[in-house]
Amino acid sequence: MLEEGAGFPNRLLYTLAVIAGVSVANLYYNQPLLEMIRADLGTTALAANHIALFSQCGYALGLLFLIPMADLYSRRRILLIDFTLLILALLATAVAPDIRTVHLCSLVIGVCSVVPQFFIPLAAQYSRPEEKNRNVGIILSGLLSGILASRVVSGAVGEWLGWREMYHIAAAAMLLAALVVLRILPDARPNFSGSYGALMRSLLTLLGRYPQLRLHTLRAAFAFGSFLCFWAALAFKMAQAPFYAGSDIVGLLGLCGIAGALTATVAGKYIARLGIFRFNCLGALMQLAAWGMFLFGADHYLPIIVGILLLDIGMQCIQLSNQATLFELCPSASNRINTIFMSGYFLGGAFGTLLSGAAWEVAGWPGVAGAGALLTAASLVITLWTRR
């Protein structure tokens, strides 16, 4: 049994970081494959874009309704059910006959891919105070590495074997992850006594009690919406002239975001020194610079690569500085605070994905660039307005 504030074993920490990456990857396998799925199922680009949209909406729903349960029930029991549903949804996607089935399965995959969000508050609650930001950063680094690897792996598998095979492989990976997690995850004391209904009502209480929670969630949500606005349209952009690139190239471009994962690893210890306000301003300015490169260097690889680096690093500056510091508000409610933050965060991502698809249909890549820059600007305005 872990003791609050007594320390989090490094071996457990790094194992959970790896599992976090493997689990969250399910959300992002579809991004390099969207054009391939569209062609195979004979659907439109907008309908294919909605695969990513349903995944993000599902993730937000999972955060809202599943993660708070960790304050009430055993994490091991929750994760057993979660992994089972996730594996079944991945297998159903692999044999889906039409786009509607893929949409439905994507929603379930999103709901059940919230596994890393059980680990982040666990690390925050049981770490020593001086190690809290560092340990949260390590879990986030594993999560980000999984996002990066997912695009590379799915792009390569899609090009060599086909998009359906990627989902068979993902189901096998989740089976292995489930066996590891259920073996090593320690029990932790529930932090809430009462019914599930009372637990969910307490989310509104926390949201009303802490203005900082509302602020951090809103500006991070806009920034994440901008981030996913890019990735939701990239496969369509790269399939056109002058690139005519397949899913493997789109996946390799995702590897450029390794800078974001490295940022999360080391940035946690600098938050207190530089301040949340500066971190958010820096992150938003880097994202805006990235969108400028995506717009004016749209026909060349180098500006796109540099833009991806800036977009990823900027996103991690914003997410880590806003998320890690929230756990100090009420340590005993860390799961619920994380639920509120990440639900809003992924609702912002879903909105960015939806906006990306609509902008692509109406105005092509320039429309996507304008939409992404607008979302980042909204995040920056909130930071400058509040000066926090």
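Preceding this paragraph is the structure being described.
Residues numbered from 1 in each chain as written. Predicted model: local features only at pLDDT ≥ 70, side-chain atom pairs only at ≥ 80, totals over all residues. Heavy atoms only, no water.

Attention now moves to unusual backbone geometry. Following A241, the chain continues to P242 via a peptide bond in cis, the omega torsion being 5 degrees. Its location among the elements puts P242 in the loop between α10 (211-238) and α11 (247-255). The phi torsion at Y244 lies on the positive side, around 50 degrees, for a residue other than glycine. As for its placement among the helices and strands, Y244 is situated in the loop between α10 and α11. (Helix = DSSP H or I, 4+ residues; strand = E, 2+ residues; numbered from the N terminus.)

Here we come to empty space enclosed by the protein. Enumeration over the complete set of coordinates arrives at two cavities of 30 Å³ or more. There is about 90 Å³ of room inside the largest cavity. Looking at the lining of the largest cavity, the elements with two or more residues in it are α7 (132-160), α10, α15 (301-323) and α16 (334-386). Looking at the lining of the largest cavity residue by residue, the classes come out as ten nonpolar, three polar and no charged. (1 Å grid on protein atoms, 1.4 Å probe; cavity = no way out; pocket = protein on both sides within 12 Å on 5 of 7 lines; lining within 4 Å. Points joined across faces, edges and corners; volume = space filled by probe spheres on them. Nonpolar A, V, L, I, M, F, W, Y, C, P; charged D, E, K, R; others polar.)

One pair of aromatic rings is described through two measures. These are the centre distance and the angle between the planes. A complete count under the given rule lists 14 aromatic pairs for this structure. Residues F230 and F294 carry aromatic rings whose centres are separated by 4.2 Å and whose planes lie at 15 degrees to one another, so their mutual orientation is stacked. Taken together, the residues F230 in helix α10 and F294 in helix α14 (residues 276-296) connect sequence positions 64 residues apart. Residue classification places F294 among the buried residues on the basis of a relative accessible area of 0%. Here the aromatic rings of Y345 and F346 are separated by 5.6 Å at their centres, their planes lie at 70 degrees, and the arrangement is edge-to-face. Owing to a relative accessible area of 2%, Y345 belongs among the buried residues under this scheme. The exposure class assigned to F346 is buried, which follows from its relative accessible area of 3%. What links up through ring pairs into an aromatic cluster is the set Y59, F224, F227, F341, Y345 and F346. The positively charged end of R151 is found above the aromatic ring belonging to W231, 3.8 Å away from the centroid. (Phe/Tyr/Trp six-rings, centres within 6.5 Å; stacked < 30°, edge-to-face > 60°. Buried < 20%, exposed > 50% of the residue type's maximum accessible area, 1.4 Å probe, protein only. Lys NZ or Arg CZ within 6 Å of the ring centre and 35° of its normal.)

Attention now moves to a nonpolar patch on the surface. A surface patch of nonpolar side chains, amounting to about 380 Å² of accessible area, comprises L80, I81, L85 and L88. With respect to the element layout, L88 can be found in helix α4 (residues 75-94). (Patch = residues over 30% accessible without salt bridge, like charges linked within 9 Å, V, L, I, M, F, W, Y side chains within 5 Å. Areas by Shrake-Rupley, 256 points an atom, 1.4 Å probe, with all protein chains shown as cover. Salt bridge = Lys/Arg side-chain N within 4 Å of Asp/Glu carboxyl O.)

The full count for this structure, using the stated rule, is zero disulfides. C57 supplies the cysteine sulfur nearest to C229, a cysteine that is in no disulfide, at a spacing of 15 Å. With relative accessibility at 0%, the residue C229 sits in the buried group. Distance from the sulfur of C317, which forms no disulfide, to the nearest cysteine sulfur (C281) is 11 Å. C317 sits in the buried class, given a relative accessible area of 6%. (Disulfide = S-S within 2.5 Å.)

So, about the pattern of salt bridges. Applying the stated criterion across every chain, the model contains three salt bridges. When the shortest N-O distance is used, the salt bridge between R164 and D40 registers 3.5 Å. Linking R164 in helix α8 (residues 163-184) with D40 in helix α2 (residues 34-41), this pair joins segments that are 124 residues apart in sequence. Judged by relative accessible area, which is 22%, R164 ranks as partly exposed.

Don't take any of this as a statement about function, it's just geometry.
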